Amino acid sequence: MAELEIEKLTLRFGGLTVLSGVSFAVDKAELFALIGPNGAGKTSVLNCISGLYPGEGAIRFRGQNISGLSAHHIARLGIARTFQHGELFPHMTVAENLLTGRHARIRTNPLKEMFFSRSVRREEVTHREAVEKIIDFIELERYRNVQVANLPFGIQKIVGFARALAMEPAILLLDEPSAGLNRDEREDLARFILRIKHELGIAMIWIEHDMQMVADLSDRLHVLEYGRSVAEGSPDTVLKDPRVISAYLGRATI
Amino acid sequence: MSSREPRASGYFRSSYDQGLRLIETRMQWTALMLFLAALGTFPFIATSFQLDLACQVFLAAIGSIALMLLTGYAGQVSLGHAGLIAAGAFTAGILFKEFGAAFWITIPAAAVVGALIGLIFGLPSLRLRGLYLAVSTLALHFIVVYLGGEYETKRGFSTGIMIDAPRIGDLLIRDRKIWYFVLLAFAAVSLLISLNLLRSRTGRAWAAIRSHETIAEALGIGVPAHKLLAFVISSSMTAVAGALFAYYRGFVSVEAFSLFLSIQYVAMIIIGGMGSLLGAILGAIFVTLLPYMIEYAVGFLPNARSYAGMLAAFNYAAFGIVMILFLVFEPQGLVGIWRRVQNYFLLWPFKQKPLGGSRK
């Protein structure tokens, strides 16, 4: 069974049809790239999956239909995401941002928290340790106690990536994680993505404009244009597909 | 949050538990003990007037800490604070007058009433934001004050409800010195509860909601539930402050809870510094003492007597000017000034903090 299956996903805002009949399925430990020109509806697909937009059609997570559930419910099931502009909590430190990502996993209640009872303290320590593992995995040790607002944009994006990972998701939705990163940071990101795939076995839906990265890393591609699926398959075949070339890639003119 | 950095040089944490402590170093313990000793000796050297000021500051501090949780941390604007204080005061007053209820019943009752009102008047926050939410909380103020006024006139207490000095066991709380310690204890407990909430899951969820509601939702935070929780906890604390206020004054009447009181509380958290509990306390001190400082200053003017009648007008004007000055020149409030002074001495003889990447 596929980890995540999307069937005939359609999204309308009034008279505007943003997505029409998009279908695909992602397997465990699969790196599934979603590409297409600006305005094709890539981010809308992610917003529908994470419950921020009300799409029509079925979205199944491990066989369970999740369309119509509230966003925080979907996040708790194990679908985490990053955002195009990082969208971190600027007043918090990196470690606090990641701890916030673990919100749904922390088992305390406000009454116990008021008195910071022993169980609250134990939970905080446990989850701080879990956060440290992520910090170690994503190599953010230098920054763990730095307020996010003081970090350069590239690092902020990586922190957003780490925050999604801190949720211990089954599926990771990555919305242009490489945009705004410099070459070194991109290489780091590619390494993290591959380690997540191989070591953690998390399925990833990855929106990306860097075609070199997509061709090198992704297992399968899905191409959108004006809210419709144009092609799907392995990078080798899809990137040579004449429809994809005319819709998105364009021809090299020398 | 940033107040949890270690201060002493050469101090390194060796466990995560250490990072959770409110007080980490021996220096901080010493400072706290000295501060507590100063608070403990104050009533024995202060005049009765100064004691009254201190009690007023403690009452205001409970209210401003509560509002800071709601507005400064959870990001929900409220102009209904005076209404909640009134609700607490009337709960205590009515329970005392009608049933002769004791202090240990009326205070928890005020907390429960506050929590319920918070739950109901928190509901608009699920749909409204910012200014619109503020206007909806105004309704709370007018409803409570109207109901309080109705009670007063219907029951024939049109000048207000008199409340006897409360009693805890055999201890009659009438003397200002005893009041000082009782109110100090309540303020300290409010502060501790708030500190604890803010360093755990709920506090982070509030901060997340304040910066990005959608993102918070996508991280698995139940945004509506946490907003309501902020309203419930803040309102409950405020109502307790109101009940204490009623006992302290020995008297409840609607006139004490004007809209200006709500604005004063908003001023406390702005002048003190948004998003800081220390700011809430500094703001409470500043706003409570401001009228007295003005009165004192006016006393030095030539022909001081002739200004006596205009003092109220002076107060309002000065209040407005101070608010504007803070918003324009020190948006981080008193706590911003405090941090700058602190940094100056911490960094001396250097001027700048090291840039991101190293320890803050």
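Quick notes on the rules
- Residues numbered from 1 in each chain as written.
- Chains lettered and ligands numbered in written order.
- Predicted model: local features only at pLDDT ≥ 70, side-chain atom pairs only at ≥ 80, totals over all residues.
- Helix = DSSP H or I, 4+ residues; strand = E, 2+ residues; numbered from the N terminus.
- Rg over C-alpha atoms; globule rule 2.2 N^0.38 Å.
- Buried ≥ 20, exposed ≤ 12 C-beta atoms within 10 Å, placed from the backbone.
- Contact = placed C-beta atoms within 7 Å.
- Pairing = 2+ DSSP bridges.
- Nonpolar A, V, L, I, M, F, W, Y, C, P; charged D, E, K, R; others polar.
- Domains from an automatic or database assignment.
- Axes fitted to C-alpha atoms, helices over the stretch in contact; angles between N-to-C directions.
- Parallel < 35°, antiparallel > 145°, perpendicular 65-115°, else oblique.
- Left-handed = near helix turned anticlockwise from the far one by under 90°.
- Right-handed = clockwise from strand over helix to strand, strands pointing away.
- Core = buried A, V, L, I, M, F, W, Y, C linked by C-beta atoms within 7 Å.

A.B. asks: I would appreciate a short explanation of the overall build of chain B in the present structure.
C.D. replies: For chain B, the count of helices and strands is 15 helices and four strands. The C-alpha radius of gyration computed for chain B amounts to 21 Å, which stays within 12% of the reference 21 Å derived for 360 residues, consistent with globular compactness. Along the longest, intermediate and shortest principal axes, the C-alpha atoms of chain B span 65 × 55 × 45 Å. A buried classification covers 42% of the 360 residues belonging to chain B.

A.B. asks: What should I look at first to understand the overall build of chain A in this one?
C.D. replies: Looking only at helices and strands, chain A features ten helices and ten strands. Computed over C-alpha atoms, the radius of gyration of chain A comes to 19 Å, within 12% of the 18 Å expected from 2.2 N^0.38 for 254 residues, which places it in the range of a compact globule. In terms of principal-axis extent, the alpha carbons of chain A reach across some 65 × 40 × 35 Å. Looking at chain A as a whole, 44% of its 254 residues qualify as buried. Sequence-distant contacts, at least 24 apart, represent 66% of the contacts inside chain A between residues at least 6 apart.

A.B. asks: Could you clarify how one ought to interpret the pairing of strand β1 (residues 4-13) of chain A in this entry?
C.D. replies: Consecutive side chains of a regular strand alternate in pointing toward one face of the sheet and then the other. All names here are of chain A. Pairing of β1 with strand β2 (residues 16-26) involves seven bridges; the strand directions are antiparallel. Considered in β2, the bridge of E5 is made with A25. Here β1 folds back onto β2 in antiparallel fashion, the turn holding two residues, of which G14 has a positive phi close to 60°. Summarising the sheet, β1 and strand β4 (residues 56-61) pair through five bridges and their orientation is antiparallel. Bridged to T10 within β4 is E56.

A.B. asks: In this structure, what is going on with the interface of chain B and chain A? I would like to understand it.
C.D. replies: Interface size is commonly expressed as the accessible surface area that is lost when the partners come together. Each partner contributes to the interface: chain B provides 32 residues, whereas chain A provides 40 residues. For the side of chain B that touches chain A, the secondary structure elements donating two or more residues are α1 (16-20), α7 (176-198), α8 (201-211), α9 (213-218) and α10 (223-249) of chain B. Ranked by residue count, the leading element in the side of chain B that touches chain A is α8(B), at seven residues. Among the residues forming the side of chain B that touches chain A, the class breakdown is 14 nonpolar, twelve polar and six charged.

A.B. asks: Mind showing me how you'd approach the domain arrangement of chain A here?
C.D. replies: All names here are of chain A. Annotation of chain A at the domain level lists domain 1 (1-78 + 169-254) and domain 2 (93-165). Centre-to-centre separation of domain 1 and domain 2, based on C-alpha positions: 27 Å. Taken together, the contact pairs eleven residues of domain 1 with eight residues of domain 2. Of all the elements in the fold, those that place two or more residues in the side of domain 1 that touches domain 2 are α2 (71-77) and α7 (183-200). Among the elements that make up the side of domain 1 that touches domain 2, the one with the highest residue count is α7 (three residues).

A.B. asks: For this particular structure, what's the right way to read the packing of helix α3 (residues 94-101) of chain A against helix α5 (residues 118-137) of chain A?
C.D. replies: Helix-helix packing is characterised by the crossing angle of the two axes and by the distance between the axes. Residues and elements named next belong to chain A. At a closest axis distance of 9 Å, the pairing of α3 and α5 adopts a crossing angle of 115°. Between α3 and α5, the interaxial angle falls into the category roughly perpendicular. Handedness of the α3/α5 crossing: right-handed. Counting all contacts with α3, which are made through A95, L98 and L99, the residues of α5 involved are H127, R128, V131, I134 and I135. Of the residues belonging to the contact of α3 with α5, the class tally is six nonpolar, one polar and one charged.

A.B. asks: Can you help me understand the pairing of strand β8 (residues 203-207) of chain A in this one?
C.D. replies: Residue and element names in this part refer to chain A. Burial analysis of β8 places five of its five residues in the buried class, the great majority of the element. Of the two faces of β8, the one holding A203, I205 and I207 and the one holding M204 and W206 are both buried throughout. One ladder, built from four bridges, connects strand β3 (residues 31-35) with β8; its direction is parallel. By the bridge assignment, F32 is partnered in β8 with I205. As judged from the five bridges shared by strand β7 (residues 171-175) and β8, these two strands associate in the parallel manner. Each residue of the ladder has a partner; that of I171, found in β8, is A203. Handedness of the β7-α7-β8 crossover: right-handed.

A.B. asks: Which parts of the structure should I look at to understand unusual backbone geometry?
C.D. replies: As a rule of thumb, non-glycine residues mostly have phi less than zero, and peptide bonds are mostly trans rather than cis. Along the chain, B:W348 connects to B:P349 via a cis peptide bond; the corresponding omega equals 10°. Within the fold, B:P349 resides in the segment after α15 (333-347). Phi angles above zero are rare outside glycine, and A:K8 is one such case at about 50°. Summarising the element assignment, A:K8 is placed in strand β1. Its 13 C-beta neighbours within 10 Å are what place A:K8 among the partly exposed residues.

A.B. asks: Before we go on, may I ask you to explain the environment of B:L311 in this structure?
C.D. replies: Residue and element names in this part refer to chain B. Its place among the elements puts L311 in helix α14 (residues 311-329). Remark: the alpha-carbon pair of L311 and I294, spanning 17 residues in sequence, is separated by 8.2 Å. For L311, the residues in contact, after removing those within four places along its chain, are E295 and V298.

A.B. asks: Looking at this structure, how should I read the sheet that holds β4(A)?
C.D. replies: Neighbouring strands of a sheet are bound in pairs by backbone hydrogen bonds; such pairs are parallel or else antiparallel. An order of β2-β1-β4-β5 (chain A) is seen for the four strands of this open sheet, with the pairing classed as antiparallel. Both outer strands of the open sheet, β2 and β5 (64-65) of chain A, are each paired with one neighbouring strand and no more.

A.B. asks: Would you mind showing me how to read the nonpolar core here?
C.D. replies: A general feature of soluble globular proteins is that nonpolar side chains tend to end up buried together. With 165 residues, the main nonpolar core has A:M204, B:I62 and B:L183 as its most contacted residues. The leading source of residues in this core is α10(B), at 16 residues. A domain split of this core shows at least three residues from each of domain 1 (1-78 + 169-254) and domain 2 (93-165) of chain A. Excluding residues that lie within four positions of it along the chain, B:I62 makes contacts with B:F186, B:A187, B:S190, B:M237, B:V240 and B:A241.

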